[in-house]
Amino acid sequence: MSEDVIRTDAVIVGAGPIGLFAVFELGLVDIKAHVIDILDRPGGQCAELYPEKPIYDIPGLTVVTGQELTDKLMDQIKPFGAEFHFNQRVETLERLDGRFRVTTDLGITLECKVLVIAAGGGSFTPKRPPLPGIETYEGKSVFYSVRKVEQLRGRDVLIVGGGDSALDWTLNLQPVAKSLTLLHRRAEFRAAPASVQKMLALVESGDITFKLGQVTELHGERGELCSVTVKGPDGATFEQPAEIMMPFFGLTMKLGPVADWGLNLHENLIPVDTEKFETSEKGVFAIGDINTYPGKLKLILSGFHEAALMAQQAHKYVYPDKKLIFQYTTSSSSLQKKLGVK
Amino acid sequence: MTVMEAAVKHSIPGIAAECGGACACATCHVYVDEAWREATGNPEQMEEDMLDFAFDVRSESRLSCQIKVTDALDGLVVRIPEKQT
């Protein structure tokens, strides 16, 4: 937790393609930005859902993968030196006199003149298995991540899943857990081969146990788990003792705290005007998939356009005394200077 | 056209299809009726991997974004799990 407040012109919520391009458009009009994202890397859905999938409707690029587009955008915005804050989610938005203060779940506080919400479909959050009563165990016995592995020292841990998260947590927690069982629906793992090798070696040496099956019920009291019912591949069920369960079933998008920021919402989207892409609150913009307006299309190219127009209005808030003269990057030496090409 | 696309196009509830058909989210999970198992075939490796992110996976589980609708599937019956996400 840091007491220091970061002061900047703009805070962009979301490091997907639109949040990244917003850095570019703001940068061209001399607005410095900090970007916050829940994921551990830029790209948003492009990085999480489509890193290797082709996108065919980015103007000028016949085909580009989600990861390639992300990499190209990161390269394109480099001259503007945006600062990134990954692995965290903006929790609260406060209004100060002519400024906004946002605080993340890691305790970072930023103050800005304009806030740009480019949060796409919301923040990626771990999927909650549809097990009756699981909510009552969350935070006590059921975790989707833990900040410190020490928290689970000496506990009987059950990890469910076969991807990278499940395997990484298996390897990280094995040294501290009293016992560790990995449960997965099949004997194949989509995790990185190196992690699978390490995990299998731990099974071989008897340091962890691997079982096949799927959890169907949780048993315990007052949020304290004691066992789970597992359905094995043959359909028969068995009881698996566990004090701690960590299920890994991928991520899903949830609007999250944005809903509590006091902005007008329409079906979990933020209505904006189509001139400035400003929300119901002056100085707070919403661009990309998270906004809505008549005729809205959830396309990356639409978000790029929205970012450009947003930046024009943002300039008025950040530099109220300066008149913005429209310029082209092709011919303007001052823009080219900002881009570092002149 | 895939089974997922057909479902979404006709506003059939229970198919979330968060990733829009990229085989990247497992929120279009369906159970293929026994009589249609052979006609729909088996999941490929990528789909099988993604099924790890679905719940209550059974031998008849498929991701509906990976089942292409053909004439041979006229009358196809699939069931939707209790929860997708």
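Note that the structure is predicted; figures quoted are calculated from it, not measured.

## Here's the deal with the overall build of chain A
Thought 1: Looking only at helices and strands, chain A features eight helices and 20 strands.
Thought 2: Viewed in the frame of its principal axes, chain A has a C-alpha envelope of about 70 × 45 × 40 Å.
Thought 3: With 342 residues in all, chain A has 40% of them scored as buried.
Thought 4: Taking the contacts inside chain A whose residues are at least 6 apart along the sequence as the reference set, 60% of them involve residues at least 24 apart.

## So, the interface of chain B and chain A
Thought 1: Contacts between the two partners involve 15 residues from chain B and, on the opposite side, 16 residues from chain A.
Thought 2: Of the residues that constitute the side of chain B that touches chain A, the class distribution is eight nonpolar, one polar and six charged.

## A few points about the environment of V57 of chain B
Thought 1: Within the element layout of this structure, V57 of chain B appears in the loop between α3 (45–50) and β2 (61–63).
Thought 2: Along the backbone, V57 of chain B and H29 of chain B are 28 residues apart, and their C-alpha atoms lie at a distance of 8.7 Å.
Thought 3: Contacts of V57 of chain B, omitting those with residues within four sequence positions, involve R185 and Q214 of chain A together with L51 of chain B.

## Some details on the sheet that holds β2 of chain B
All names here are of chain B.
Thought 1: Strand order in the open sheet made by the three strands is β2-β1-β3, with antiparallel pairing throughout. Edge positions in the sheet fall to β2 and β3 (78–79), since each of these pairs with one other strand and no more.
Thought 2: Where strand β1 (residues 29–32) meets β3, two bridges bridge the pair, whose relative direction is antiparallel. Bridging from a neighbouring strand, Y31 pairs with R79 of β3.

## Comments concerning helix α5 (residues 164–173) of chain A
Thought 1: Among the residues of α5 of chain A, those classed as buried are S165, A166, L167, W169, T170 and L173 of chain A.
Thought 2: Structurally, α5 of chain A contributes buried residues whose contacts are with β10 (156–160), β11 (179–184), α6 (193–204) and β16 (244–247) of chain A.

## Things to note about the sheet that holds β16 of chain A
Residues and elements named next belong to chain A.
Thought 1: Sheet architecture is open: four strands sit in the order β12-β11-β10-β16, paired in parallel fashion. For this open sheet the edge positions go to β12 (209–212) and β16, each flanked by a neighbour on one side alone. With direction set aside, neighbouring strand axes in the sheet form an average angle of 20°.
Thought 2: Where β10 and β11 come together, five bridges link them in parallel fashion. Considered in β11, the bridge of I159 is made with L182.

## Some points on the domain arrangement of chain A
Interfaces are often sized by the amount of accessible area the parts lose when they come together.
Thought 1: Along its sequence, chain A is carved into domain 1 (5–125 + 252–338) and domain 2 (128–249).
Thought 2: Relative placement of domain 1 of chain A and domain 2 of chain A: their C-alpha centres are 37 Å apart.

The rules behind the values
- Residues numbered from 1 in each chain as written.
- Chains lettered and ligands numbered in written order.
- Predicted model: local features only at pLDDT ≥ 70, side-chain atom pairs only at ≥ 80, totals over all residues.
- Helix = DSSP H or I, 4+ residues; strand = E, 2+ residues; numbered from the N terminus.
- Buried ≥ 20, exposed ≤ 12 C-beta atoms within 10 Å, placed from the backbone.
- Contact = placed C-beta atoms within 7 Å.
- Nonpolar A, V, L, I, M, F, W, Y, C, P; charged D, E, K, R; others polar.
- Pairing = 2+ DSSP bridges.
- Axes fitted to C-alpha atoms, helices over the stretch in contact; angles between N-to-C directions.
- Domains from an automatic or database assignment.

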